[in-house]
Number of protein chains: 2
Amino acid sequence: MRGLAKVNTGTEAPRRTRIQQEKRELILEAALEVFSTNGFRGSTIDQIAEAAGMSKPNLLYYFRRKEDIHETLMQRLLDTWLAPLRELDDIGDPLTELRSYIRRKLEMARDFPRESRLFANEILQGAPRIMPLLAGELKTLVDEKAAVIKGWMRAGKIARTDPWHLIFSIWATTQHYADFDVQVRAVLGPNRGGDGRFEDAARFLEQLFLDGLKPKG
Amino acid sequence: MRGLAKVNTGTEAPRRTRIQQEKRELILEAALEVFSTNGFRGSTIDQIAEAAGMSKPNLLYYFRRKEDIHETLMQRLLDTWLAPLRELDDIGDPLTELRSYIRRKLEMARDFPRESRLFANEILQGAPRIMPLLAGELKTLVDEKAAVIKGWMRAGKIARTDPWHLIFSIWATTQHYADFDVQVRAVLGPNRGGDGRFEDAARFLEQLFLDGLKPKG
DNA sequence: CAAATTTTTGACCGATTGGACAAACGTTAG
DNA sequence: CTAACGTTTGTCCAATCGGTCAAAAATTTG
């Protein structure tokens, strides 16, 4: 007999067997690899199936459509991706809070470069699949944190600037080390492009965001 | 009779008619639009041909292969893309030089967002077609400018930091406004996401790179 | 004008794509 | 054992892909 249709829902409520959970994870892991380096349109189901070590029809048994895989991936991504910003809290010293936010974001770029590239690919192509999330959930979160930062400015704890662009600049500088990793390593060369480049980046970013470039004195 | 094979070389020395020059420009303009939003693999010759207002075989008369279009596009891009960095000069006040470099890069993100996204797409996917250029020409240029910046640091004109990561951070923050434009506009909302966002970004970045976030005291 | 050349097009090709489907296989409960 | 259910696969399909080709149309040249 054929498998039940229930399995393939992809987005609906799950009642999954052990094998289904395992295989779905396997597929998502493989799809993350493929999608993050080739983009959605540039990736094929065959590629993902091969990376997951199964046949194409077998993969399509767990995810009915290519889009379902991508969608599931993006949903998971956004939660973990915004976690560092959610943690930015009003308690504690503002400069310390910002510094550790930068550090956490840089660590995510180092530890989850594929997730970063998957996200970058989506945004680059106009965010066709997550536009509502950007204008909704993301904007709400950023506005909320911008208000926190504004409070710090009013209290004289940090310099007065635009909180939104401040957040953008933190995103940009940290994700750069994931999204443009190839370029970073090529420019730094074999000596400085090794594992130490993230420590160097952390040191530099801390100095940039705290003190800027003006010489002391 | 059929057209001559000479026309399609794409990379070789050109001896082109007026029509050939015009049509090639038309195609490259259309291809920039398509490639920058869909990536190389995600774009089709049909899409480019339609955007250029001609039939697919007609397009293939001017560029024999899809790759030839992309290659021509990338070659042109790199020259204009690195122009601002080349202009970074040892004459003049260091802080002013850096500030105007940032401004020029931000203007490029504003005026040539498609070029920026084309480049980002290529790097994101591992830079398969321009890797030699990154490790060669680009690295040489950056190393050269890093030396200039180091000189400024030794002279006490700017704070001591890592020149390479400084350049990375300028690239990241400015190109962010082209590559992640959709996200920027979504987060800023209808009010602040309008044309003024680049002015706001310019003001913010100037302050960030010069003074950092520490409150004045 | 007419001949030569350049440009454009419609028809076509093999390969690859996302996906469907039934049959086969594996597993487990009674 | 067997029936029921979950899993896997080979085969197939229509659509789309990059690209070819010969002939028609347009343009340039003498």
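Residues numbered from 1 in each chain as written. Chains lettered and ligands numbered in written order. Predicted model: local features only at pLDDT ≥ 70, side-chain atom pairs only at ≥ 80, totals over all residues. Heavy atoms only, no water.

1. Here's the deal with the layout of surface pockets
Then comes step 1: One number sums up the size of the largest pocket: a volume of about 300 Å³.
Then comes step 2: Residue lining of the largest pocket: 15 residues in total, with A:D211, A:G212, A:K214, A:P215 and A:K216 positioned closest to the centre.
Then comes step 3: Within the residue set of the lining of the largest pocket, elements represented by two or more residues are helix 10 (197-211) of chain A together with helix 10 (197-211) of chain B.
Then comes step 4: When residues of the lining of the largest pocket are assigned to their parent elements, the largest contribution, 3 residues, is made by helix 10 of chain A.
Then comes step 5: Here the lining of the largest pocket is built from residues that sort into 5 nonpolar, 3 polar and 7 charged. (1 Å grid on protein atoms, 1.4 Å probe; cavity = no way out; pocket = protein on both sides within 12 Å on 5 of 7 lines; lining within 4 Å. Points joined across faces, edges and corners; volume = space filled by probe spheres on them. Helix = DSSP H or I, 4+ residues; strand = E, 2+ residues; numbered from the N terminus. Nonpolar A, V, L, I, M, F, W, Y, C, P; charged D, E, K, R; others polar.)

2. Quick word on helix 6 (residues 113-124) of chain B
Then comes step 1: For helix 6 of chain B, with 12 residues, the first-to-last C-alpha span of 16 Å sits near the 16 Å given by 1.5 Å per residue.
Then comes step 2: Most of helix 6 of chain B sits inside the fold, with 10 of its 12 residues counted as buried. (Expected span 1.5 Å × (residues − 1). Buried < 20%, exposed > 50% of the residue type's maximum accessible area, 1.4 Å probe, protein only.)

3. Let's talk about empty space enclosed by the protein
Then comes step 1: Applying the stated criterion to the full structure yields 8 cavities of 30 Å³ or more.
Then comes step 2: Considered as a void within the structure, the largest cavity measures approximately 90 Å³ in volume.
Then comes step 3: Surrounding the largest cavity, A:W171, A:A172, A:Q175, A:H176, A:D179, A:F180, B:W171, B:A172, B:Q175, B:H176, B:D179 and B:F180 form its lining.
Then comes step 4: Of the residues contributing to the lining of the largest cavity, the split by class is 6 nonpolar, 4 polar and 2 charged.

4. Observations concerning the domain arrangement of chain A
Residue and element names in this part refer to chain A.
Then comes step 1: Along its sequence, chain A is organised into domain 1 (5-64) and domain 2 (70-211).
Then comes step 2: Domain 1 and domain 2 are separated by 29 Å when their C-alpha centres are compared.
Then comes step 3: The interface is formed by 14 residues belonging to domain 1 together with 11 residues belonging to domain 2.
Then comes step 4: Together, the buried faces of domain 1 and domain 2 total about 1200 Å²; carbon and sulfur atoms form 59% of this surface.
Then comes step 5: Sorting the residues of domain 1 by area buried against domain 2 places L32, S36 and F40 first, and these three jointly supply 43% of that buried surface.
Then comes step 6: Run the count over domain 1 and domain 2 and you get 3 salt bridges.
Then comes step 7: One salt bridge connects E29 with R114, and the closest N-O pair in it is separated by 2.9 Å.
Then comes step 8: Taken together, the links from domain 1 to domain 2 amount to 4 residue pairs in polar contact (both at pLDDT 80 or more).
Then comes step 9: Considered class by class, the residues forming the side of domain 1 that touches domain 2 number 6 nonpolar, 4 polar and 4 charged. (Domains from an automatic or database assignment. Contact = heavy atoms within 4.5 Å. Buried area = accessible area lost by both parts, 1.4 Å probe. Salt bridge = Lys/Arg side-chain N within 4 Å of Asp/Glu carboxyl O. Polar contact = N/O pair within 3.5 Å; in protein donor to acceptor, adjacent residues only side chain to side chain.)

5. A few points about the confidence of the model for chain A
All names here are of chain A.
Then comes step 1: The predicted model of chain A averages 91 in pLDDT, with 92% of residues at 70 or higher.
Then comes step 2: Of all secondary-structure elements in chain A, the lowest mean pLDDT belongs to helix 1 (residues 18-42), at 92, while helix 8 (residues 163-179) reaches the highest, 98.
Then comes step 3: Of the regions scoring below 50 in pLDDT, residues 1-13 engages in 18 contacts with residues more than four places distant in sequence or in other chains. (pLDDT = per-residue confidence, 0-100.)

6. A short note on the relation of the copies chain B and chain A
Then comes step 1: Of the two same-sequence chains, chain B is brought onto chain A (RMSD 0.1 Å, axial shift 0.0 Å) by a rotation of 180 degrees. Such a combination of turn and shift is consistent with a two-fold rotation axis. Distance from the rotation axis, computed per C-alpha, reaches its smallest value in chain B at B:G212: 2.0 Å.
Then comes step 2: In this assembly, 100% of the residues forming the interface of chain B have copies in chain A that are likewise at the interface, indicating an isologous arrangement. (Least-squares fit on C-alpha atoms with pLDDT ≥ 70 in both.)

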